[in-house]
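# Overview (structure and organization)
Given next are the chains, with one letter for each unit.
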Amino acid sequence: MSEQKDVFEFPCRFPVKVMGERHEELTATVIEVVRVHAPDLDEVDVVVRESSSGKYLSLTVTVNAHSRAQLDQIYLALTSHPMVKIVL
């Protein structure tokens, strides 16, 4: 059985897309959750967009990823948070 090779070379900058219903604490909450696994996250690496209806927010959080395991932990933490609807 051959070892699976990662398609990413680490470390790298990796964008994580997060969507949730518009809430005044969504951005701060997403930053807090991501910083548990990527403590060097800077707020300038977070881009927030509003949906055309204004009901949802989309955040692109670009992290300095050091491993696949780190990215998996970020995805798991975000997808399990009740304010988050989708993580890509």
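Note that this is a predicted model, so its numbers are computed, not measured. (Residues numbered from 1 in each chain as written. Predicted model: local features only at pLDDT ≥ 70, side-chain atom pairs only at ≥ 80, totals over all residues. Heavy atoms only, no water.)

## Looking at the pairing of strand β2 (residues 46–50)
- Taken together, the 5 bridges between β2 and strand β3 (residues 56–65) define a ladder with antiparallel strand orientation. The partner of Arg49 across the bridge, within β3, is Ser58.
- Once β2 ends, the chain turns through 5 residues before running back antiparallel as β3, passing Gly54 with a positive phi of about 80°. (Pairing = 2+ DSSP bridges. Helix = DSSP H or I, 4+ residues; strand = E, 2+ residues; numbered from the N terminus.)

## Examining helix α2 (residues 68–79)
- The terminal C-alpha atoms of α2 lie 16 Å apart, and with 12 residues this matches the ideal 16 Å at 1.5 Å per residue to within 8%.
- Listed as buried for α2 are Gln70, Leu71, Ile74, Ala77 and Leu78. Angular distribution of buried residues about the axis of α2 spans 130°; they occupy a single face of the element.
- Tucked inside the fold, the buried residues of α2 contact β1 (12–21), α1 (26–37), β3 and β4 (86–87). (Expected span 1.5 Å × (residues − 1). Buried < 20%, exposed > 50% of the residue type's maximum accessible area, 1.4 Å probe, protein only. Arc of directions from axis to C-beta. Contact = heavy atoms within 4.5 Å.)

## Focus: the sheet that holds β3
- Pairing in this open sheet of 4 strands is antiparallel, and the strands run β2-β3-β1-β4 from one edge to the other. Each edge of the open sheet carries a strand with a single partner, namely β2 and β4.
- Seen against the sheet, α1 touches β1, β2 and β3 and runs at an angle of roughly 25° to β3.
- Of the strands in this sheet, β1, β3 and β4 touch α2, which is tilted by about 5° from β1. (Axes fitted to C-alpha atoms, helices over the stretch in contact; angles between N-to-C directions.)

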